[in-house]
Amino acid sequence: MGVLVIHLIGSIYCPTMASPVDPVSAPSATEGESRRPLIDAIAAQRARTRLANAPEPPWLHAEVARRMAERLAIIRKPPVDVLDWWGNVGGGSAALRQACPRAQVTRVDAEWVAARAAPRRWPWQRKGLAAPIAAADVPDGAADLVWSNMAMHFEPDRAALPAAWMRALRVDGFLMFSTFGPDTLRELRAIHGRQAWGPLQAPFEDMHDIGDRLVASGFADPVMDQETLTLTYASAQSLLDDLHALGANLHPARFAGLRTPRWQSRWGAELARRAGADGRIAITFEIAYGHAIKPAARALVAERTVVKLDALREMLRRGRQ
């Protein structure tokens, strides 16, 4: 396990939001966007399944969840129905329940996990909890809050996830999430590039791109910010153990075979050269946080406009108010 030694607050990005529109009549979030996957979908599924089956979540995920839970104080109205999106991967369920003790928290899992998942808790531990459900089975407008901790970077279709969150939220519902930023493991990427060892990881997205995608999906007032955490490790093996716990290399062009003991020895030697005076190896992790609101639908003025019946009722109700 690494030791957290530095905590640097990074920049904040607030994209400009156009008038909110009904998702049916709005342009698709994927229009003009390449559909080439950034990560290997099969490898991502295996990594999520391994994390779901782990006896406990990665400690870094739990630490990020604790920090993200502190930000829930900005929500004026306490949420009643909460979706913990991919909570089996993010490891933030405990922090979420502590921050929202009166909410009904439902864990949303990937389909292959939710199909066999059942909460193994004693009766007195089940208050405020519901059985996990698959993402595809989440009803429209089911939640006041969608919470997603350290899970976005496991999603092969980056445009589909915000759209699913938008569908799951009620009007004025709140989205809060965290994910790795592009500066994560920059020291290791430099080593792999210098030694021509192939890509270390699939690319993590810049918070500006994530914020723009939220806007394209229909969210209002999205705010992105990031912080840089520097963890120090006593040895290359302890770092490798942490990397295994956090996930896997999901890059489609990653090294296809197994690494040899000789290669691992060279890898460790390269890291040892980076050790500080105390003998510890410092590694950067960038954490991006985001939150946004689902606005009331407003129809686009066009020659032909399609508005959902529920959205039309909501617009009429708000107009009377």
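The structure this text deals with has already been given above.
Here goes a summary of the coordinates provided. (Residues numbered from 1 in each chain as written. Predicted model: local features only at pLDDT ≥ 70, side-chain atom pairs only at ≥ 80, totals over all residues. Heavy atoms only, no water.)

## Some words on the overall build of the protein
So the rule is basically this: Helix numbering and strand numbering both begin at the N terminus, where a helix is a DSSP run of H or I of at least 4 residues and a strand a DSSP run of E of at least 2. Buried means the residue's accessible area, taken with a 1.4 Å probe over protein chains only, is under 20% of the maximum for its type, while exposed means over 50%, and partly exposed covers the values in between. Any two residues whose heavy atoms approach within 4.5 Å at even a single point are treated as in contact. For every accessible area listed, the method is Shrake-Rupley and the probe measures 1.4 Å; residues are considered covered only by the protein chains on display.
Across its full length, the protein holds eleven helices and eight strands. Residues counted as buried form 47% of the 321 residues belonging to the protein. Considering only contacts within the protein whose residues lie at least 6 apart along the sequence, 85% involve residues at least 24 apart. If you sum the accessible surface of the protein, you get close to 16,600 Å²; carbon and sulfur atoms cover 55% of it.

## A short note on the side chain of Ser-148
On the secondary structure map, Ser-148 appears in strand E5 (residues 143-149). Residue contacts for Ser-148: discarding those within four places in its chain leaves Met-68, Trp-85, Trp-165, Met-176, Phe-177 and Ser-178.

## A closer look at helix H7 (residues 186-195)
Just so we agree on the cut-off: Summarising the geometry, the arc corresponds to the directions from the helix axis toward the C-beta atoms.
Among the residues of H7, Glu-187, Leu-188, Ile-191 and His-192 are the ones counted as buried. Down the axis of H7, the smallest arc covering the buried residues is 135°, so these residues share one side. In H7, the exposed residues that point more than 90 degrees away from the buried face are Gly-193 and Arg-194. On the buried face of H7, the contacting elements are helix H9 (236-246), helix H10 (261-272) and strand E8 (281-293). Note on H7: the residue one or two positions beyond its end, Ala-196, has a positive phi of about 55°.

## Let's talk about the nonpolar core
Nonpolar side chains in soluble globular proteins generally cluster together in the buried interior. The test is simple: In this description, a nonpolar core means a group of buried Ala, Val, Leu, Ile, Met, Phe, Trp, Tyr and Cys residues linked to one another through side-chain atoms lying within 4.5 Å.
Counting residues in hydrophobic clusters, the biggest one holds 41 residues, and the most contacted among them are Leu-188, Trp-267 and Phe-285. Ignoring any residue separated from it by four or fewer positions in sequence, one finds Leu-188 in contact with Leu-200, Leu-239, Leu-243, Trp-267, Leu-271 and Ile-283. Formed by 35 residues, the second largest nonpolar core is a distinct cluster that contains Ala-44, Val-146, Phe-154 and Leu-214.

## Considering helix H2 (residues 59-70)
The following threshold applies: Working rule for helices: expected span equals 1.5 Å times residues minus one.
Taking 1.5 Å of rise per residue, the twelve residues of H2 would be expected to cover 16 Å, and the 17 Å separating its terminal C-alpha atoms lies within 8% of that figure. Those residues of H2 lying buried are Leu-60, His-61, Glu-63, Val-64, Ala-65, Arg-67, Met-68 and Ala-69.

## Some details on the packing of aromatic side chains
Both the distance between ring centres and the angle between the ring planes are used here to describe each pair of aromatic rings. Here is the rule we go by: Ring pairs are drawn from Phe, Tyr and Trp, using the six-membered ring of Trp, whenever the two centres fall within 6.5 Å, and their geometry is named by plane angle: stacked under 30 degrees, edge-to-face over 60, tilted for the rest. By definition here, charges over rings are those cases where NZ of Lys or CZ of Arg is within 6 Å of the ring centre and within 35 degrees of the ring normal.
Going through the model one piece at a time under the given rule, you end up with five aromatic pairs. Ring plane angle 40° and centroid distance 6.0 Å describe the contact between Phe-180 and Phe-285, whose orientation is recorded as tilted. Highlighted residues: Phe-180 in strand E6 (residues 169-180) and Phe-285 in strand E8, separated in sequence by 105 residues. The class of Phe-180 is buried, set by a relative accessible area of 5%. Among the aromatic residues, those joined into a ring-pair cluster are Phe-180, Phe-204 and Phe-285. Arg-71 extends its terminal NZ or CZ atom over the ring of Tyr-289, reaching a point 3.8 Å from the ring centre. The ring of Trp-263 carries the charged tip of Arg-259 above its face, separated from the ring centre by 4.2 Å.

## Details of the pairing of strand E2 (residues 81-85)
Stated formally: Should DSSP find at least two bridges between two strands, the strands are taken to pair.
Most of E2 sits out of view: four of its five residues are buried. When E2 meets strand E3 (residues 104-109), the two strands line up parallel, connected through five bridges. Looking at the pairing, Asp-81 lines up with Gln-104 of E3. As paired elements, E2 and E5 share three bridges and run parallel to each other. Within the sheet, the bridge partner assigned to Leu-83 lies in E5 and is Val-146.

## Some remarks on the pattern of salt bridges
For the record, the criterion: Any carboxyl oxygen of Asp or Glu that lies within 4 Å of a side-chain nitrogen of Lys or Arg is treated as forming a salt bridge with it.
Summed over all chains, the structure comprises 16 salt bridges. Glu-63 serves as the salt-bridge partner of Arg-67, at 2.7 Å between the closest nitrogen and oxygen. Of the two residues, Arg-67 and Glu-63 are both situated in helix H2; the distance of four residues between them amounts to about one turn of the helix. A single burial state applies to Arg-67 and to Glu-63, both of which are buried. The partner of Glu-270 in a salt bridge is Arg-273, and the shortest N-O contact between them spans 2.8 Å. Here Glu-270 falls in the buried class, since its relative accessible area comes to 11%. According to the relative accessible area criterion, Arg-273 is exposed, its value standing at 62%.

## Digging into the packing of H9 against H10
How two helices sit against one another is set out by the angle between their axes and by the gap between those axes. Test applied: Helix axes are fitted to C-alpha atoms over the stretch in contact, other axes to C-alpha atoms as well, and angles between N-to-C directions run from 0 to 180 degrees. These descriptions rest on fixed angle ranges, namely under 35 degrees for roughly parallel, over 145 for roughly antiparallel, 65 to 115 for roughly perpendicular, and the rest for oblique.
Where H9 meets H10, the closest approach of the two axes is 9 Å, and the angle between their N-to-C directions is 110°. With respect to H10, the axis of H9 lies roughly perpendicular. Between H9 and H10, the contacting residues are Ala-236, Leu-239, Leu-240 and Leu-243 on the first element and Trp-267, Gly-268 and Leu-271 on the second.

## Examining the side chain of Glu-187
Its place among the elements puts Glu-187 in helix H7. Ignoring sequence-local partners within four residues, the contact set of Glu-187 consists of Arg-274, Ala-282, Ile-283 and Thr-284.

## A closer look at the environment of Arg-158
Heads up, the condition is: Throughout this description, a polar contact denotes any pair of N or O atoms lying within 3.5 Å of each other; where both atoms belong to protein, one of them has to be capable of donating a hydrogen while the other can accept it, and for residues adjacent in sequence the pair is counted only when both atoms sit in side chains.
Tracing the backbone through its elements, the reader meets Arg-158 in the loop between E5 and helix H6 (160-168). The exposure class of Arg-158 is buried, given its relative accessible area of 8%. Setting aside residues no more than four positions away along its own chain, Arg-158 makes contact with Leu-38, Ile-39, Met-152, His-153, Pro-203, Glu-205 and Arg-213. Looking at Arg-158, its side chain comes within polar contact range of the side chain of Glu-205, at 3.3 Å.

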